[in-house]
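Here is what each chain is made of, one letter per residue.
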Amino acid sequence: MAERNWLARCLDAVERVGNRLPDPAVLFLILMVMAWVVSNVLARFSFVEIDPRSGQPIEIRDLLAGQSLTAFMATMVSTFTSFPPLGVVLVAMLGLGVAEHSGFINATLRAAMAVTPRQLLTPALIAVGILSHVAVDAGYVLVIPLGAVIFYAAGRHPLAGIAAAFAGVSGGFSATMGVPSSLDPLLAGLTQTAAHLVDPSIVINPLNNFYFTTASAIFIVLLGWALTDLVIEPRLRSTIVDGDPANLPTQEPLTDAERRGLRVALLTVIAAVTLFALTLMGDDTPWAAAPNADGERLLLASNAPLMQSIVPIIFIGFLLPGIAYGVTAGSIKDHRDVIAGMTKAMSGMGYYIVMAFFCAQFIYAFGQSNLGALLALKGANALREAALPMGVTLAGIVVLTATVNLLIGSASAKWALIGAIMVPMLMQLGVSPDLTQAAYRVGDSSTNIITPLLPYFPLIVVFCRRYVQSTGIGTLVALMLPYSISFIVGWTGFLLLFWALEIPLGVGATYDYAP
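**Focus: the overall build of the chain**
(1) Moving on: From N to C terminus, the chain includes 23 helices and two strands.
(2) Moving on: Its C-alpha atoms give the chain principal-axis dimensions of roughly 70 × 55 × 55 Å.
(3) Moving on: Here the chain holds 515 residues, and the buried ones make up 49% of them.
(4) Moving on: Sequence separation of at least 24 residues holds for 79% of the intrachain contacts in the chain that already meet a minimum separation of 6.
(5) Moving on: As displayed, the chain offers around 22,600 Å² of accessible surface, 68% of which is attributable to carbon and sulfur atoms.

**Observations concerning the pattern of salt bridges**
(1) Moving on: Counted by the stated rule, this structure contains five salt bridges.
(2) Moving on: Between aspartate 229 and arginine 156 there is a salt bridge, with the nearest N and O atoms lying 2.8 Å from each other. Placement of the pair is aspartate 229 in helix α12 (residues 210-235) and arginine 156 in the loop between α9 (143-153) and α10 (158-171), with a sequence separation of 73 residues.
(3) Moving on: Judged by relative accessible area, arginine 156 falls into the buried class, the value being 7%.
(4) Moving on: With its nearest N and O atoms 4.0 Å apart, the salt bridge here joins arginine 336 to aspartate 334.
(5) Moving on: Since its relative accessible area comes to 57%, arginine 336 is described here as exposed.

**Focus: the packing of helix α7 (residues 121-131) against α9**
(1) Moving on: For the pair α7 and α9, interaxial distance at closest approach is 10 Å and the crossing angle is 170°. Comparing their axes, α9 and α7 come out roughly antiparallel. Each of Leu121, Thr122, Leu125, Val128 and Gly129 in α7 lies in contact with α9, whose residues at this interface are Val143, Gly147, Ile150 and Phe151.
(2) Moving on: The residue inventory of the contact of α7 with α9, partitioned by class, reads six nonpolar, three polar and no charged.

**Points about helix α16 (residues 335-347)**
(1) Moving on: The terminal C-alpha atoms of α16 lie 18 Å apart, and with 13 residues this matches the ideal 18 Å at 1.5 Å per residue to within 8%.
(2) Moving on: Every buried residue belonging to α16 is among Asp337, Val338, Gly341, Met342 and Ala345, and all of these are buried. Here the buried residues of α16 occupy an arc of 145° about the axis, which is enough to place them on one side. Every exposed residue of α16 that faces more than 90 degrees away from the buried side is listed here: His335, Arg336 and Ser347.
(3) Moving on: Check the buried side of α16 and you find it contacts α5 (84-101) and α15 (310-329).
(4) Moving on: Its side-chain oxygen at 2.9 Å from the backbone nitrogen of arginine 336, aspartate 334 defines the N-terminal cap of α16.

**Examining the state of the cysteines**
(1) Moving on: For the coordinates displayed, the defined rule picks out zero disulfides.
(2) Moving on: Free of any disulfide, cysteine 464 has its nearest cysteine sulfur in cysteine 359, 16 Å distant.

**Describing the packing of aromatic side chains**
(1) Moving on: This model, assessed by the stated rule, comprises 18 aromatic pairs.
(2) Moving on: With a centroid separation of 6.1 Å and 50° between ring planes, the pair formed by tyrosine 152 and tyrosine 467 is classed as tilted. Of this pair, tyrosine 152 sits in helix α9 while tyrosine 467 sits in the loop between α22 (457-465) and α23 (473-501), and the two are 315 residues apart along the sequence.
(3) Moving on: Each member of the aromatic cluster is reached from another via a ring pair, and the members are Phe212, Phe219, Phe494 and Phe498.

**Quick word on the environment of threonine 451**
(1) Moving on: Looking at where threonine 451 falls in the secondary structure, it is placed in the loop between α21 (433-446) and α22.
(2) Moving on: Since its relative accessible area comes to 4%, threonine 451 is described here as buried.
(3) Moving on: It is 25 Å that separates the C-alpha atoms of threonine 451 and glycine 243, two residues lying 208 residues apart in sequence.
(4) Moving on: If we skip the residues at most four places from it in the chain, threonine 451 touches Asn405, Leu406 and Phe457.
(5) Moving on: Reaching out from threonine 451, the side chain makes a polar contact with the backbone oxygen of leucine 406 at a distance of 2.9 Å.

**Digging into the nonpolar core**
Nonpolar side chains tend toward joint burial in soluble globular proteins.
(1) Moving on: Core analysis: the largest hydrophobic core is formed by 142 residues, its most contacted members being Ile144, Phe166, Phe212, Leu476, Met480, Tyr483 and Leu505.
(2) Moving on: When residues in this core are grouped by element, the largest group, 13 residues, is from α23.
(3) Moving on: Those residues in contact with methionine 480 that sit more than four places away from it in its chain are Ala163, Phe166, Ala167, Ile449 and Ile450.
(4) Moving on: Core analysis: the next-biggest nonpolar cluster, separate from the first, contains five residues, Val98, Leu319, Val338 and Met342 among them.

**Description of the side chain of threonine 228**
(1) Moving on: Relative to the helices and strands, threonine 228 is located in helix α12.
(2) Moving on: A polar contact is formed between the side chain of threonine 228 and the backbone oxygen of glycine 224, at a distance of 2.7 Å.
(3) Moving on: Residues contacting threonine 228, with those up to four places away along its chain left out, are Thr122, Ile126, Phe151, Ala160, Ala164, Glu233, Pro234 and Tyr483.

**Some points on unusual backbone geometry**
(1) Moving on: Its identity is not glycine, yet asparagine 370 carries a phi of approximately 75°, on the positive side.
(2) Moving on: Here asparagine 370 shows up in the loop between α17 (350-369) and α18 (371-386).
(3) Moving on: Unusually for a residue other than glycine, glutamate 502 sits at a positive phi of about 55°.
(4) Moving on: Secondary-structure assignment places glutamate 502 in the segment after α23.

**A word on the packing of α5 against α16**
(1) Moving on: At a closest axis distance of 7 Å, the pairing of α5 and α16 adopts a crossing angle of 125°. With respect to α16, the axis of α5 lies oblique. Where α5 crosses over α16, the two elements pack in a sense that is right-handed. Here Leu90, Met93, Leu94, Gly97, Val98 and His101 of α5 lie close against α16, whose contacting residues are Asp337, Val338, Ala340, Gly341, Met342, Lys344, Ala345 and Met346.
(2) Moving on: Class assignment of the residues belonging to the contact of α5 with α16 gives a composition of nine nonpolar, three polar and two charged.

Rules of the game
Within any chain, residue numbers begin from 1 and follow the written order of that chain's sequence. Given that the model is predicted, a residue must reach a pLDDT of at least 70 before its local features are reported, and side-chain atom pairs must reach 80 or more before they are shown or counted; all residues, however, enter totals for whole chains, interfaces and linings. Think of the side-chain values as coming from all heavy atoms in the structure, minus any hydrogens and water. Only DSSP runs of H or I covering at least 4 residues are called helices, and only runs of E covering at least 2 are called strands; the numbering of each starts at the N terminus. For the exposure calls, accessible area comes from a 1.4 Å probe over protein chains only, and a residue counts as buried if that area is under 20% of its type's maximum, exposed if over 50%, partly exposed in between. Contacts are assigned to residue pairs that have any heavy atoms within 4.5 Å of one another. Note on areas: Shrake-Rupley with a 1.4 Å probe; residue coverage comes only from the protein chains shown. Only one rule defines a salt bridge in this text: a Lys or Arg side-chain nitrogen within 4 Å of an Asp or Glu carboxyl oxygen. Interaxial angle, 0 to 180 degrees, is taken between N-to-C directions of lines fitted to C-alpha atoms, where a helix line uses only the stretch in contact. Working rule for angles: under 35 degrees goes down as roughly parallel, over 145 as roughly antiparallel, 65 to 115 as roughly perpendicular, anything else as oblique. Any residue outside Ala, Val, Leu, Ile, Met, Phe, Trp, Tyr, Cys, Pro, Asp, Glu, Lys and Arg is labelled polar, Gly included; the first ten of those are nonpolar and the last four are charged. Multiply 1.5 Å by the residue count of a helix minus one, and that product is the helix's expected span. This arc is built from the directions going out from the helix axis to the C-beta atoms. In the analysis that follows, any N or O atom pair within 3.5 Å is treated as a polar contact, provided that within protein one partner can donate a hydrogen and the other can accept it, and provided that, for residues neighboring in sequence, both atoms belong to side chains. For the purposes of this analysis, a disulfide is any pair of cysteine sulfur atoms at a distance within 2.5 Å. For Phe, Tyr and Trp, where Trp contributes only its six-membered ring, two rings pair if their centres lie within 6.5 Å, and the inter-plane angle classes them as stacked under 30 degrees, edge-to-face over 60, or tilted in between. Here, the term nonpolar core denotes a set of buried Ala, Val, Leu, Ile, Met, Phe, Trp, Tyr and Cys residues that are joined through side-chain atoms within 4.5 Å. The sense of a crossing depends on the near helix, which, turned anticlockwise from the far helix by less than a right angle, makes the crossing left-handed and, turned clockwise, makes it right-handed.

In structure tokens, the structure reads:
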């Protein structure tokens, strides 16, 4: 065997160390206890950093105080049941379970593989991952597991498919494949609030970073393609796929029954999409949000029933063609086979549910303590006081955000803390809020894929274990670390290139602000 290069040896070391950590469920429990202890110590101190959410000096809440402990116990069940990824994953998996059990997904992918060049699987998968941002978190439960299936069916390593899809869905979270995401208006609103501290008349366009994020999608696809094919997949050659053979996809030619099933499933999808599209038409469509200040009812607003129904739409979108395919191909005889598919999907999620319980409790406790908020505020203040050259300051915002992102998953929560300091400060130095927000978005995406505190991280571990049963936290972190480092460095350089050449960032965006 050829000697492994220095990068492979470093990643192997990361994997070994990471896999020596306790089981993810126990790790979250340990981290929660550590947050309790640290909060108990720091609650005795006063801090000068102003919390922009309250306008008062930030306070660390003692999680070991009697009131905090009783509140933790009283909300334990609701904290678990209201954990956002839990419902998203389980409901979507019900529909996917039927589609998988009937053979619809396997047959569809085999048909797609017959016409898709093997060399273009990677960029296509990353691009689909970026496009999935339109459907909020759907990419985590849809694109990432399908990435493994696609790669394995094409004779490539399934973990490389998971890595490429994860890089697009989560690492490229701030990129947009020509379609705005729900994150655009959310961040723009927070940016405008922060900017009003200096200039109450300023208006931030929700598409103020749209040109940059669209160009970033191309950059992320190309960079992710190179990393997957040249770094990740070669390193996985020695990793044996030892999952249950009965649950692994195949690449045999389609039978006549399968072709008939696919045709009927396609007609079912066309009919369902047509009927659904008709319900979206007209000013009185029930899928639109309530009228805004301008009297408009928007379909793509975050509070619109359409955007809040993405997961049920995914459920139905796989259930209907899955049943149509199964009945036609003969893999579904009656309703019991449909229920069996759902049951099989749920039985495979038991480990994820256990991890989700402990993950939810830790995230709740950590958020209540204000430890992450204190870190964000101290980092932002230190960056402000350093008074570095503008290009270095923009890179500093990226690094600060990427670091805080390891502890605080919510994009809006981080920007509410960091933006309230960085936006007004840079405005006074002549930098527009649009540019500051763009720097934040680069850092916000790049480390999603290496932090076990990402709510969907345990789910990705479960997907990996379907193919390589020894997968642990270290395996996934080592798999994604090259993407994370490359995205931070390369994407920051890409932003600075935009800035140096004064390429427009987005609609109505500027680089300069006249104080």
